[in-house]
Amino acid sequence: MGKTLFEKIWEDHIVKQIEEGPSVLYIDKHFIHEVTSPQAFTGLNNRGIKLFRPRQTVATADHNVPTLHQELPIKEELSRLQVEALKKNCAEHGVELYGLGHPYQGIVHVIGPELGITQPGMTIVCGDSHTSTHGAFGTIAFGIGTSEVEMVMTTQCLLQSKPKLMRININGELNNAVVSKDIILYIISKISASGATGYFVEYAGSAIRSLSMEARMTICNMSIEMGARGGMIAPDETTFNYIKGRRFAPQGEEWEKKLAYWKTLYSDADATFDREININAAEIEPMITYGTNPGMGIPVTGHIPSFSEIDDKERASFEKALRYMGLEAGVNIKGKKVDYVFIGSCTNSRIEDLRMVASFVKGKKKAAGVEVWVVPGSHQVEMQAREEGIDKIFEDAGFMLRQSGCSACLGMNEDKIPAGKYCISTSNRNFEGRQGAGARTLLASPLTAAAAAITGMVTDVRELFN
Amino acid sequence: MQKLEIIKSRFIPLKIENVDTDQIIPARFLKATTKEGFGKNLFRDWRYENNDETKPRKDFVLNNSTYSGEILVAEKNFGCGSSREHAAWALKDYGFHAVVSSFFADIFKNNALNNGVLPVQVSEPFLQKIFQQGPDSELTIDLGNQKIRIDGTGEEESFDISAYKKTCLLNGYNDIDFLISIKNDIEIFESKKHSENSKSYQLV
Ligand code: SF4
């Protein structure tokens with residue numbers, strides 16, 4: 001019987017199988033950041049051992065960092081201490097750190113692919129649930145907790161049980177103005193915030209094949225938002241062209257050898273999945289969320305469900321979400337006033353996202369009273385945007401281009417959305433308080449977010465195309 | 001890690017679905033570099049009005065002194081969202097040894113198990129039966145026999161846990177010690193893999 005893409009990579013990394021238990025899975029690449037690593041380093045130090053494979057480990061500072069004046073010391077003391085602890089730990093254990101001020105600094109899931117560190121066929125982990133992003137390259141990539149970070153630091157291995165496998169096929173033509181963020185918000189709205197728990201998802205089909213690497217990363221990034229352990233896409237020419245020539249990409253003979261291997265990474269025609277879902281790309285409209293989990297998504301042109309459309313069992317959470325969001329059941333979402341627009345996070349902060357927003361807003365101005373932050377996913381993205389004159393377009397439109405980091409994706413650095421305010425955000429989570437205590441998040445694509453910046457309200461971006 | 005065998009205790013009912021780890025411990029409390037002290041910020045934004053410790057929200061169950069115990073009982077899909085292990089540390093630090101729900105998010109489940117907090121997955125009807133019990137009612141969770149019982153009514157249900165994890169919890173072993181014990185195998189695997197076709201990646 002044939003094998004799935006997942007199985008090919010999984011089996012290639014089994015060190016040992018424990019009887020009636022998990023597998024010992026070898027990890028090729030370990031990304032670390034300041035928030036989920038300090039306790040793991042303490043664990044190593046308590047045992048008096050050094051990090052086992054520093055050359056397979058890369059660190060960055062992203063969650064806690066300010067996105068203005070990064071040249072100055074971090075004002076908030078605890079954030080500064082955490083970033084300093086990372087620096088000290090990396091120095092002591094011989095780990096490459098792309099910290100503040102380094103030309104490669106950025107959000108961990110943006111820099112891995114950008115530097116060519118993320119390559120097909122690898123196992124990749126990080127103490128961060130959006131590690132699933134790297135699956136866009138045909139890798140097994142997933143988020144882990146700090147105890148597991150310590151296991152990888154100690155032995156480059158994890159104990160893992162094989163997840164169930166799901167394939168989501170998206171075939172057909174995408175509608176005008178529908179981008180990959182809309183695809184994934186649509187999928188999650190269909191299968192719910194817990195619908196893929198216990199599964200590893202492979203995305204396939206002609207609509208996926210037609211996407212750029214950046215767009216594929218956006219989809220894999222949000223796999224965790226439907227509960228999946230991770231998401232992946234089989235590598236193809238788009239993948240190989242993206243990797244070629246990047247800083248840590250293989251070269252010469254090594255490239256040829258790897259390429260030959262990468263070309264074997266796909267699900268065989270007779271491979272079977274525990275669950276398969278088919279989606280017609282033409283059904284998907286520009287999407288937005290109205291509630292407090294990413295499964296609460298609707299088309300921008302749609303209405304918030306009315307009580308009669310909600311299952312009795314879901315009613316309490318639905319009511320709670322609407323209360324938090326200050327929204328009413330049954331009404332249209334279009335026209336809802338917004339206060340903040342956040343374009344950034346590991347979901348949508350790559351150069352292609354910034355280009356897409358820039359080409360849309362060129363010559364337009366933001367609405368009065370709306371604060372618009374564009375936060376590049378890495379220092380390299382910021383530099384590239386400046387080189388291409390994108391910074392000028394944003395400036396003319398009244399958008400603020402900041403420096404790289406997680407920023408308003410999560411309320412743990414200086415960039416927070418004030419309580420009660422509405423923020424249309426290209427990030428991945430609309431949980432209560434995610435962008436700051438009391439903040440109200442509407443998740444959408446960069447285009448839909450940019451359209452709201454121009455009009456000051458939730459807008460169908462297609463109405464602004466001329 | 002502490003050994004875990006039988007947990008017999010009253011419970012705290014949290015009748016909320018999709019409790020994500022951002023609620024269990026909000027991001028702004030993740031700045032510590034140790035594992036201790038997270039309990040006081042457990043469910044922080046549900047517990048206090050405007051983040052003010054002098055203003056506990058009366059309608060939140062942790063502030064209701066009629067309920068207490070080492071077991072938290074929550075509606076389905078507990079622990080979704082961020083991978084932060086701080087969520088498990090916060091529950092443990094607060095004094096919970098087990099969480100009962102009809103569905104758990106994957107990463108949370110692992111994190112809980114790695115910290116000696118037992119996730120007990122029960123059927124939806126059984127969960128609702130627990131919620132119907134009064135504040136004085138006790139639950140018994142017997143890890144060895146993989147059973148959970150409502151002491152007052154005697155009703156019980158079995159729950160799943162991997163044989164490996166069960167052994168770890170019963171004996172207080174953890175994964176790291178095990179992995180260190182097989183380091184030799186890991187090194188053999190590495191040398192084979194690198195010589196094969198160096199699929200494995202190293203930074204230059
Ligand atoms: S951008 Fe947001 S989701 Fe991505 S790594 Fe940072 S905090 Fe996590």
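Residues numbered from 1 in each chain as written. Chains lettered and ligands numbered in written order. Predicted model: local features only at pLDDT ≥ 70, side-chain atom pairs only at ≥ 80, totals over all residues. Heavy atoms only, no water.

Now for the overall build of chain A. A count of helical and extended segments in chain A gives 15 helices and 19 strands. Against the compact-globule benchmark of 23 Å for 466 residues, chain A has a radius of gyration of 21 Å, which places it among compact chains. Taken along its principal axes, the extent of the C-alpha atoms in chain A is 55 × 55 × 45 Å. Buried positions account for 66% of the 466 residues belonging to chain A. Across chain A, every contact between residues at least 6 apart in sequence was considered, and the portion connecting residues at least 24 apart equals 77%. (Helix = DSSP H or I, 4+ residues; strand = E, 2+ residues; numbered from the N terminus. Rg over C-alpha atoms; globule rule 2.2 N^0.38 Å. Buried < 20%, exposed > 50% of the residue type's maximum accessible area, 1.4 Å probe, protein only. Contact = heavy atoms within 4.5 Å.)

On the side of chain B, 61 residues touch chain A, which itself brings 78 residues to the contact. At the boundary of chain A with chain B, the tally comes to nine salt bridges. The closest approach of N and O atoms between A:Arg53 and B:Glu190, which form a salt bridge, is 2.6 Å. Where chain A meets chain B, there are 25 residue pairs in polar contact (both at pLDDT 80 or more). (Salt bridge = Lys/Arg side-chain N within 4 Å of Asp/Glu carboxyl O. Polar contact = N/O pair within 3.5 Å; in protein donor to acceptor, adjacent residues only side chain to side chain.)

Neighbouring residues of the ligand: A:His63, A:Ile107, A:His109, A:Asp128, A:His130, A:Ser345, A:Cys346, A:Cys406, A:Cys409, A:Leu410, A:Asn428 and A:Arg434. In the shell around the ligand, the residues fall into five nonpolar, five polar and two charged. (Near = heavy atom within 4 Å. Nonpolar A, V, L, I, M, F, W, Y, C, P; charged D, E, K, R; others polar.)

Residue and element names in this part refer to chain A. Tracing the backbone through its elements, the reader meets Ser223 in the loop between α8 (213-221) and β11 (230-232). Classification of Ser223 as buried rests on a relative accessible area of 0%. A distance of 2.8 Å separates a polar atom in the side chain of Ser223 from the backbone oxygen of Cys220. Among all residues touching Ser223, those that are not within four sequence positions of it are Ser132, Tyr203, Ala228, Gly230 and Gly231.

The subject of this paragraph is the packing of aromatic side chains. All names here are of chain A. The tally for this structure, following the rule as stated, stands at 21 aromatic pairs over all chains. On the numbers, 4.8 Å between centres and 45° between planes, the contact of Phe6 with Phe200 is tilted. Of this pair, Phe6 sits in helix α1 (residues 5-11) while Phe200 sits in strand β10 (residues 199-204), placing them 194 residues apart in sequence. Ring centres of Phe394 and Phe399 lie 5.8 Å apart, and the angle between their planes is 20°; this geometry places the pair in the stacked category. You'll find Phe394 and Phe399 in the same group, each marked buried. Connected via pairs of aromatic rings, a cluster forms that spans Phe6, Trp10 and Phe200. The cationic tip of Lys8 hangs over the ring face of Tyr266; the distance from NZ or CZ to the ring centre is 4.1 Å. The lysine or arginine in question, Lys364, covers the ring of Phe360, its NZ or CZ lying 4.4 Å from the ring centre. (Phe/Tyr/Trp six-rings, centres within 6.5 Å; stacked < 30°, edge-to-face > 60°. Lys NZ or Arg CZ within 6 Å of the ring centre and 35° of its normal.)

A few words on the domain arrangement of chain A. Residues and elements named next belong to chain A. By the assigned domains, chain A splits into domain 1 (5-275) and domain 2 (310-465). Measuring from the centre of the C-alpha atoms in domain 1 to the corresponding centre in domain 2 gives 24 Å. With 42 residues of domain 1 in contact, the opposing surface of domain 2 contributes 40 residues. Summing the contributions of domain 1 and of domain 2, the shared interface buries around 3200 Å²; its carbon and sulfur component is 54%. Looking only at domain 1, the three residues that lose the most surface to domain 2 are Thr67, Ile107 and Lys181, adding up to 20% of its buried area. (Domains from an automatic or database assignment. Buried area = accessible area lost by both parts, 1.4 Å probe.)

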